[in-house]
Amino acid sequence: MLQVQIDESAVREAIKKRIEEVIQQADADLVFWDAKELMRRTCMSWNFIQQQFFFDPRFPKVKVGNKWYFPAREAREFLEKWLREQKTG
């Protein structure tokens, strides 16, 4: 009889590490987000984004013609910081 023992915490850690790698790779694929991608990434409507943080001078954005673009890495860093600020009031 064959018996296999698995260290569940090691498996979970390996899975977590791999998921983080895949997410980082997906983020690295996009240099800029447009408004549609920003809405998708935040799960927020355009109006809500404007009400909450769009006009924050720290939020990185560039208007090219009639379209807004957001540097993906910087926007993500801002959003993570902004969200932490929301819970601390």
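Notes on the structure follow. (Residues numbered from 1 in each chain as written. Predicted model: local features only at pLDDT ≥ 70, side-chain atom pairs only at ≥ 80, totals over all residues. Heavy atoms only, no water.)

Quick look at the nonpolar core
By size, the foremost hydrophobic cluster in this structure holds 13 residues, and its most contacted members are Trp33, Leu38, Phe53, Phe59 and Phe70. For this core, the elements supplying multiple residues, two or more each, are α3 (46-54) and α4 (72-88). If one sorts the elements of this core by residue count, α4 sits on top with five residues. Every residue in contact with Trp33, bar those within four places of it in the chain, is listed here: Leu38, Arg41, Trp68, Tyr69, Phe70, Ala72, Ala75, Arg76 and Leu79. (Core = buried A, V, L, I, M, F, W, Y, C linked by side-chain atoms within 4.5 Å. Buried < 20%, exposed > 50% of the residue type's maximum accessible area, 1.4 Å probe, protein only. Helix = DSSP H or I, 4+ residues; strand = E, 2+ residues; numbered from the N terminus. Contact = heavy atoms within 4.5 Å.)

What to know about the pattern of salt bridges
Tallying each qualifying case throughout the model produces nine salt bridges. Across the pair Arg58 and Asp56 runs a salt bridge whose closest N-O atoms are separated by 2.8 Å. Judged by relative accessible area, Arg58 falls into the partly exposed class, the value being 41%. One salt bridge connects Glu85 with Arg58, and the closest N-O pair in it is separated by 2.8 Å. With Glu85 in helix α4 and Arg58 in the loop between α3 and β2 (62-64), the pair connects residues that are 27 residues apart, well separated along the chain. One continuous salt-bridge network, built from bridges that share partners, spans Glu37, Arg40 and Arg41. (Salt bridge = Lys/Arg side-chain N within 4 Å of Asp/Glu carboxyl O.)

Focus on α3
Every α-helix winds through 3.6 residues per turn, so residues three or four apart in the chain are directed the same way. Inspection of α3 places Ile49, Phe53 and Phe54 among the buried residues, and these make up the whole buried set. The arc enclosing the buried residues of α3, seen along the axis, measures out at 70°, which places them on a common side. With respect to the buried face of α3, the exposed residues turned more than 90 degrees away are Asn47 and Gln51. (Arc of directions from axis to C-beta.)

Looking at the packing of helix α2 (residues 35-42) against α3
Remark: α2 packs on α3, axes separated minimally by 10 Å, with the N-to-C direction vectors making an angle of 80°. One element, α2, and the other, α3, form an angle in the roughly perpendicular class. Seen from α2, the contacting residues are Ala35, Leu38, Met39 and Thr42; seen from α3, they are Trp46, Ile49 and Phe53. In terms of residue class, the contact of α2 with α3 is built from six nonpolar, one polar and no charged. (Axes fitted to C-alpha atoms, helices over the stretch in contact; angles between N-to-C directions. Parallel < 35°, antiparallel > 145°, perpendicular 65-115°, else oblique. Nonpolar A, V, L, I, M, F, W, Y, C, P; charged D, E, K, R; others polar.)

Considerations on the sheet that holds strand β1 (residues 32-34)
Pairing in this open sheet of three strands is antiparallel, and the strands run β1-β3-β2 from one edge to the other. The open sheet has two edge strands with one neighbour each: β1 and β2. Neighbour-to-neighbour, the strand axes of this sheet turn through a mean angle of 40°, independent of strand direction. Across three bridges, the pairing between β1 and strand β3 (residues 67-71) is antiparallel. Pairing of Trp33 across the sheet is with Phe70, part of β3. With respect to the sheet, α2 is in contact with β1 and β3, its orientation differing from that of β1 by roughly 90°. (Pairing = 2+ DSSP bridges.)

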